[in-house]
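Residue-level listing of the chains:
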Amino acid sequence: MNSVANLGYGLQAHAAAYLAFAPQNGVIHYLKAMRSTDQTFKGLYHWNAFDAALLIPYFLVMIVLAIYGVHRYQLCYLYFKYKKNDQPIAPRHFEELPRVTVQLPIFNEQFVIDRLIEAVCAMEYPREKLEIQVLDDSTDETQQVAADIVARYAALGYPIVYIHRTNRYGYKAGALDAGLNVAKGEFVAIFDADFVPPPDWLMNVIHHFGEPQIGMVQTRWTHLNRDYSLLTQIEAILLDGHFVLEHGARYRSGDFFNFNGTAGMWRIQAIRDGGGWQHDTLTEDTDLSYRSQMAGWKFKYLPHIECPAELPIEMTAFKTQQARWAKGLIQTSIKVLPKIFKSNVPRRIKVEAVYHLTANLSYPLMVAMSALLLPAMICRFYQGWFQMLLIDFPLFTASSFSIAVFYVMSQRELFPKTWMKTFLYLPFLMALGIGLTVTNTKAVMEALFGIKSAFARTPKYRVAKKGEKSQAAKYRKRLVLAPWIELLLGTYFLAAILYTFTNHNYFTAPFLILFVIGYWYTGLMSLLQGRFEHWRTGTANTDDESSPKPFPVGV
């Protein structure tokens, strides 16, 4: 998985804080009340048990979300405080290059496999020191496509082999483990099917293992189709926040951080010492990362080494990806945190691990907040500005403003000349975070209740430029119930907006609009993407095993 998972993990918290910050009485209403000398109803309103039953859980939820917001500020602080700890240049070099195995785990990737193999075979590394494994679990035409490509490159003298399993036992973790059992290298680099590593990637990474304590090196993802649509622009900003500030802060400050499943290299001994690849969570990469670091291995992050990849271009693909990461991280927290608490690692590492692995609990908290929102607004109708400044403003500063700071700062680090345009995307980024709450809450609750699920791949469409048509319609996925729930929630918040106007509560309406946009956007896009193509071409949407349903969500 990718903790990126974590990737944008605080998005869902922003709306709660916005609504807390919004005054529950409009300015005009407030000014009129201040001028009024009518004391007729003074002292008639008092809290009762019903109000307390609504408002106490409401504020408890918001406080928890605010705590995660404060943590985002801490990550920003650590990123700059320990900037001197970056090591872009390897302090030691191998006198003789070691043998490296490159693993390419794929499943039904017939439209991108040729691009991946071509890029890997073009990498600059002595052929006698290189081994390329195509680990294919495919059940469709990808088997023949991949086998033919591998045979062609092998005939040209490239050290590439094709390994196909007749079952998907262990899914990606199982495939990686099977390849590792026959690997000849001392180190193993891993690339998912949608990645296109540059020719100098291996040579830029390998020498960082000249330090014998380094067990894994992660490089930064970049985006082939960042400018394809509004959705891909937002996805890119989310990932940038993870790869710039989250990874950067944790690595620089000496905290544990995770391998992202691809675009990284491992010392094979570090994998073995960590207990090997295990498939009892949907984020096998994060699970192994924590086990390996607890075994004493050090990880290194190299943000200056880039590896471009394809972003999901359709809402259902994006939601499936985010849901599996959310579920996988909670599964990993249940599995790994007890071991971390019992270990001898410093307390600050234990605390950071809790923040990292449990952040997706904010999704069900957002659902609870949504349910309590309208009743809480009614209860708080008679409360004034002093209460807002005393309670709501700190919560807003901790939760919502921290999101803006987090993602704007990451864009400023990457794009110092154009980062200001990030402000244009912030409202849509926040709205999208709200829209993910339905599918991600389902995934998180499945993890908490121990409900296992299959590995549901994120479809790769091989679309890089705006206006290009997808070749991979057969891999398109459908969400059956979730989009309709999202549309209903959007309608619920539209009703809340109408309620605010009846009470002259005009400041709250703009923030509620984010809820409406978020839920309607994710719901409508999930229902409509691909429908027009289906109607235009008259082709049926396939539901065979090459395009599995995204629920139950897997890796």
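Cut-offs applied
Residues numbered from 1 in each chain as written. Predicted model: local features only at pLDDT ≥ 70, side-chain atom pairs only at ≥ 80, totals over all residues. Heavy atoms only, no water. Helix = DSSP H or I, 4+ residues; strand = E, 2+ residues; numbered from the N terminus. Buried < 20%, exposed > 50% of the residue type's maximum accessible area, 1.4 Å probe, protein only. Contact = heavy atoms within 4.5 Å. Pairing = 2+ DSSP bridges. Axes fitted to C-alpha atoms, helices over the stretch in contact; angles between N-to-C directions. Parallel < 35°, antiparallel > 145°, perpendicular 65-115°, else oblique. Left-handed = near helix turned anticlockwise from the far one by under 90°. Nonpolar A, V, L, I, M, F, W, Y, C, P; charged D, E, K, R; others polar. Salt bridge = Lys/Arg side-chain N within 4 Å of Asp/Glu carboxyl O.

### Description of the overall build of the protein chain
Turning to step 1, where the next piece is worked out: Across its full length, the protein chain holds 20 helices and 7 strands.
Turning to step 2, where the next piece is worked out: Counting every position in the protein chain, which comprises 555 residues, the buried fraction comes to 59%.
Turning to step 3, where the next piece is worked out: Partitioning the contacts of the protein chain with sequence separation of at least 6, the portion at a separation of at least 24 is 86%.

### Some thoughts on the side chain of aspartate 192
Turning to step 1, where the next piece is worked out: By secondary structure assignment, the location of aspartate 192 is in the loop between strand E4 (187–190) and helix H8 (201–206).
Turning to step 2, where the next piece is worked out: Here aspartate 192 falls in the buried class, since its relative accessible area comes to 16%.
Turning to step 3, where the next piece is worked out: Setting aside residues no more than four positions away along its own chain, aspartate 192 makes contact with Pro105, Leu116, Lys172, Gly261 and Thr262.

### Notes on the pairing of strand E5 (residues 214–223)
Turning to step 1, where the next piece is worked out: Buried residues dominate E5, accounting for 10 of its 10 residues.
Turning to step 2, where the next piece is worked out: In terms of strand pairing, E5 meets strand E7 (residues 298–309) through 9 bridges, oriented parallel. Paired with valine 217 across the strands is lysine 300, a residue of E7.
Turning to step 3, where the next piece is worked out: Note: E5 against strand E6 (residues 264–267), 3 bridges, orientation antiparallel.

### Details of the packing of helix H4 (residues 49–81) against helix H14 (residues 362–379)
Turning to step 1, where the next piece is worked out: Axis separation between H4 and H14 bottoms out at 9 Å; the angle between their running directions is 140 degrees. The orientation of H4 with respect to H14, classified from their angle, is oblique. For the crossing formed where H4 meets H14, the hand is left-handed. Touching Asp51, Leu54, Leu55, Pro57, Tyr58, Val61, Val64 and Leu65 of H4 are Ser362, Leu365, Met366, Ala368, Met369, Leu372, Leu373, Pro375, Ala376 and Cys379, all from H14.
Turning to step 2, where the next piece is worked out: Residue composition of the contact of H4 with H14, by class: 16 nonpolar, 1 polar and 1 charged.

### Description of the pattern of salt bridges
Turning to step 1, where the next piece is worked out: Per the stated rule, a full pass over the model turns up 18 salt bridges.
Turning to step 2, where the next piece is worked out: As a salt-bridge pair, glutamate 211 and lysine 300 come within 3.0 Å of each other at their nearest N and O atoms. Placement of glutamate 211 in the loop between H8 and E5 and of lysine 300 in strand E7 is noted, with a sequence separation of 89 residues between them.
Turning to step 3, where the next piece is worked out: For lysine 300, a relative accessible area of 1% translates into the label buried.

### A few points about the sheet that holds strand E3 (residues 160–164)
Turning to step 1, where the next piece is worked out: The strand order E3-E2-E1-E4-E6-E5-E7 describes an open sheet built from 7 strands, whose pairing is mixed. Looking at which strands have only one partner, the edges of the open sheet turn out to be E3 and E7. Across the sheet, the axes of successive neighbouring strands diverge by a mean angle of 20 degrees, strand direction being ignored.
Turning to step 2, where the next piece is worked out: As paired elements, E4 and E6 share 4 bridges and run antiparallel to each other.

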